[in-house]
Amino acid sequence: MDGIAGWVGSAPLRGLVAHFGGRWPHGDLGAVLAGLDDFSARCWDFRAGRERPEAREPNLDPATVELVYRCADALGLVRARPPARSRYAHLVVLGGLAHACLRRVAYAGHLLRTGVDVAGEVAVLGSFRQLSEVERRTLAEVGVTGCDTEVDALDAAVRRTFAVSEPETEDGLDADHPHHSWSSRTYRPAGQPPVRVLAAPSSEPERRRAHTADTQRFWAEHAQLARADEVLLVTAPIYVPFQHCDALRTLALPYACEVETVGVDPMLPDLTRLPEPTLTPGRYLQEIRSAIRSLRALHTAVGTPPATAQSGLHRVRAGRGGTGTAQPSSDP
C-alpha cells in the first residue's frame, strides 16, 4: 500500500485540498481515500455524469490556476516519459475522444518504429460510444471521414498509421444495442506485430457504455493474458495516474502481469500535426479526482487480492511524470 499512500498523502495534493478549503481526512488509508473522494466530488467534479467534453470549466483566479498546474505536474499528469523497457509482451492503446484515438495510435506506431519490440500483439481498445459533431469535424480536418463511433475512429487510425486496408480476421456480436455489442478486427501490417482493434461491451449495460476497465478486462480474456506478461499501456499524460491504477486493478491483480503506463509525447513531429485540445485547470482537477477514485478502487481490490496476483502489483508514486512504474513484487 506504500505507493497509494505516497501519492495520496503527497505534499502537492495536501496543498491543493487545503487551497480549495478542504480539511484533510482522518483515519486509515481507506478513510482518507473515501474522504478525498467525497471532497473532490464537491469541489472538482465538473462533469456531473456527463462526457468529458461537456464538463464545465471553473472560474479560477490566476494564483489558483498556477497552483493547479504545478500540482498536476507533481502528481504525474503533465509530462510524458518514454517506456522503461525495449521489449513487452503486449502494447495496449486506450481509446478516447476522436483526437486522442489518432494521437495514441500514431504514438504506438512511433514506439514500434523506434525500437520497442512487442512479442504478442498491439491491442487498440475502445467502445461503441457515438462521436459528437465536434469530434467528427476534428477527424474531417485531418482527412478522416466515415466514422460514427469511437471504435470507428480507432480503426481509421490503425489503417492510417500502419498502412493497412483490410483486417485479416473479424469477429463480434451485434446485439442491437451498443452497450451489449462487441467487435474485434485483427490487422497484419508488414514487419509489425498483429494489431487488434477491439470494442468491448459494458459490464453494466443497463446503466452505461463500456469504460476503460471494461475494455481492459475484455481484451485480457481475448488475448489470454499470462502471468508475468509485460504490458505497456498508451494513453495521454493527463490520464496516466487513473488509467494506470485501473490497469493494476483489472490486469495486474487478476493476471499477475506487469503493467507500465505511458503518456503520448506531444512534441513528436508526427503528432504535432494532429489535433490536441487545450488542457485547462478544470480538466486537470477533474482527472486528479479520477485518480483519487481509481486509487480508492485499487485499494479496495488489494484488500482481498487473488493469491496468484501478488507478484503483479506495481507502485504508484507522485512525481513520476507520465510513467506508471513497472516493478513486480511490490504494492501499488
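Quick note: structure is the one above.
Every chain begins its residue count from 1, and numbering advances along the sequence as written. Restriction of local features to residues with pLDDT of at least 70 applies here, the model being predicted, together with a cutoff of 80 or more for giving and counting side-chain atom pairs; totals for whole chains, interfaces and linings are based on all residues. For side-chain calculations, the full set of non-hydrogen atoms in the structure is used, while hydrogens and water are omitted.

1. Focus: the layout of surface pockets
When its volume is computed, the second largest pocket comes out at roughly 370 Å³. With a 1 Å grid laid over protein atoms only, a set of points is called a cavity when a 1.4 Å probe fits there but cannot get out and a pocket when it is open yet has protein on both sides within 12 Å along at least five of seven lines; lining residues have an atom within 4 Å of a point. In this structure, the second largest pocket is lined by 22 residues; those nearest its centre are R52, P53, L97, P277 and R283. Counting only elements with at least two residues in the lining of the second largest pocket, the list comes to α5 (98–113), α6 (133–141) and α11 (281–303). Each helix corresponds to a stretch of at least 4 residues labelled H or I by DSSP, and each strand to a stretch of at least 2 residues labelled E; elements are numbered beginning at the N terminus. Counting residues per element, the lining of the second largest pocket draws most heavily on α11, which supplies four residues. Grid points are joined across faces, edges and corners, and a volume is the space filled by probe spheres set on the points.

2. Structural notes on the pairing of strand β2 (residues 90–94)
Within β2, five of the five residues are buried, leaving the element largely enclosed by the surrounding structure. Side chains of β2 alternate between two faces, with H90, V92 and L94 and L91 and V93 buried alike. Two elements, β2 and strand β8 (residues 230–235), share four bridges in a ladder whose sense is parallel. When the sheet's bridge partners are listed, V92 is paired in β8 with L233. Think of it in three bands: residues with accessible area under 20% of the maximum for their type are buried, residues over 50% are exposed, and the middle band is partly exposed, with areas taken using a 1.4 Å probe on protein chains only. Paired strands are those between which DSSP finds at least two bridges.

3. Some points on α11
The length a helix should cover is 1.5 Å for every residue beyond the first. The first and last C-alpha atoms of α11 sit 33 Å apart over 23 residues, in line with the 33 Å expected at 1.5 Å per residue. Of all 23 residues in α11, 17 are buried, a share of seventy percent or more.

4. A short note on helix α8 (residues 212–223)
Taking 1.5 Å per residue, twelve residues should reach 16 Å; α8 reaches 16 Å between its end C-alpha atoms and fits that length. Counting buried positions along α8 yields nine of twelve residues, so the element is predominantly enclosed. When α8 is considered as a whole, its buried residues turn out to be T212, A213, D214, T215, Q216, F218, W219, A220 and A223. Any pair of residues with heavy atoms lying within 4.5 Å of one another is described as a contacting pair. Those residues of α8 hidden inside the fold are in contact with β2, β4 (122–126), β6 (182–187), β7 (195–199), β8 and α9 (240–255). Downstream of α8 by a residue or two, Q224 has a phi angle that is positive, lying close to 50 degrees.

5. Concerning the nonpolar core
Remark: nonpolar core denotes a set of buried residues (Ala, Val, Leu, Ile, Met, Phe, Trp, Tyr, Cys) joined through side-chain atoms within 4.5 Å. Membership of the largest hydrophobic core comes to 53 residues, with the highest contact counts inside it found for W7, W44, W219, L251 and I288. The element contributing the most residues to this core is α11, with eight residues. Discounting residues that sit within four places of it in the chain, W219 has contacts with H90, V92, E121, A123, L125, R196, L198, L225, V231 and L251. Core analysis: the next-biggest nonpolar cluster, separate from the first, contains 39 residues, A156, F162, V264 and L271 among them.

6. Describing the side chain of H99
Residue position: H99 is located in helix α5. Sequence-distant contacts of H99, that is, excluding residues within four places in its chain, are made with T138, P275, E276 and P277.

7. Comments concerning the side chain of E258
Relative to the helices and strands, E258 resides in strand β9 (residues 258–263). Within the structure, E258 has its side chain in polar contact with the side chain of R85 (distance 2.4 Å). A 3.5 Å cut-off defines polar contacts: any pair of N or O atoms within that distance qualifies, except that in protein one atom must be a possible hydrogen donor and the other a possible acceptor, and neighbouring residues in sequence count only when both atoms are side-chain atoms.

8. Here's the deal with the packing of aromatic side chains
Planes of paired rings set the category: under 30 degrees apart is stacked, over 60 is edge-to-face and the rest tilted, where pairs are Phe, Tyr or Trp rings (Trp by its six-membered ring) whose centres lie within 6.5 Å. Using the criterion set out here, one finds five aromatic pairs in the structure. Judged by centre distance (5.8 Å) and plane angle (80 degrees), the ring pair of Y69 and Y284 falls under edge-to-face. Within this pair, whereas Y69 is found in helix α4 (residues 62–74), its partner Y284 is found in helix α11, the two being separated by 215 residues in sequence. With 6.2 Å between their ring centres and 85 degrees between their planes, Y239 and F242 make a pair best called edge-to-face. With a relative accessible area of 8%, Y239 lands in the buried category. Looking at F242, the relative accessible area reads 10%, which means it is buried. Joined through ring pairs, the aromatic side chains of F20, F39 and W44 make up one cluster.

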